[in-house]
Amino acid sequence: MFTRRNLPLFIVFAVALSAAAAGAMLYQKYRPLVLTISREQQEQARRHAVHARGPEKASVTLEEFGDFQCPSARALADAESPGRLS
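Residues numbered from 1 in each chain as written. Predicted model: local features only at pLDDT ≥ 70, side-chain atom pairs only at ≥ 80, totals over all residues. Heavy atoms only, no water.

## Structural notes on the overall build of the protein
Spelled out, the test is: Only DSSP runs of H or I reaching four residues or more are called helices, and only runs of E reaching two or more are called strands; each is numbered from the N terminus. Per-residue and other accessible areas follow the Shrake-Rupley method at a 1.4 Å probe size, with only the shown protein chains counted as cover for residues.
Helix and strand content of the protein: three helices and zero strands. Secondary structure of the protein in N-to-C order comes out as α-α-α. When the accessible surface of the protein is summed, it comes to about 8800 Å², and 62% of that surface belongs to carbon and sulfur atoms.

## Here's the deal with the confidence of the model for the protein
Stated precisely, the cut-off is as follows: Confidence scores per residue from the predictor, reported as pLDDT, run from 0 to 100.
Chain-level statistics for the protein give a pLDDT mean of 80 and a share of 81% at 70 or above. Per-residue pLDDT, averaged within each element of the protein, yields its smallest value for helix α3 (residues 71–80) (75) and its largest for helix α1 (residues 7–30) (94).

## Some thoughts on a nonpolar patch on the surface
For clarity, the threshold we go by: Put simply, a patch holds well-exposed residues, over 30% relative accessible area, that have no salt bridge, with like charges counted together within 9 Å and Val, Leu, Ile, Met, Phe, Trp or Tyr side chains within 5 Å. The working definition used for a salt bridge is a side-chain nitrogen of Lys or Arg within 4 Å of a carboxyl oxygen of Asp or Glu. Three labels apply to residues, based on accessible area from a 1.4 Å probe with only protein chains included: buried if under 20% of the type maximum, exposed if over 50%, partly exposed otherwise in between.
On the surface, Leu7, Phe10, Ile11 and Val15 cluster together to form a nonpolar patch covering roughly 360 Å² of accessible area. Its place among the elements puts Ile11 in helix α1. Exposure remark for Ile11: the relative accessible area of 45% places this residue in the partly exposed category.

## A few points about the environment of Gly66
One can find Gly66 in the loop between α2 (39–47) and α3. Here the alpha-carbon distance between Gly66 and Leu76, two residues ten residues apart in the chain, equals 9.5 Å.

Structure representation (structure tokens):
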């Protein structure tokens, strides 16, 4: 069963098995959470959106989102609203 001739095969199998197990554990640990909300909660969030301005029944709607970890987006947001708390 286990002979000197089969040793490289056994080592490759053991390394592959441990790599697969480590990958599975990391996947479980860092898997993104899936958050679900009801339709009622979605509608309530749309009605109370703080990033929307203007009439609710406008023919055109623009939505702006920013990533404040991006230096350029952060500088633009700071320049547009200097009274905003960081």
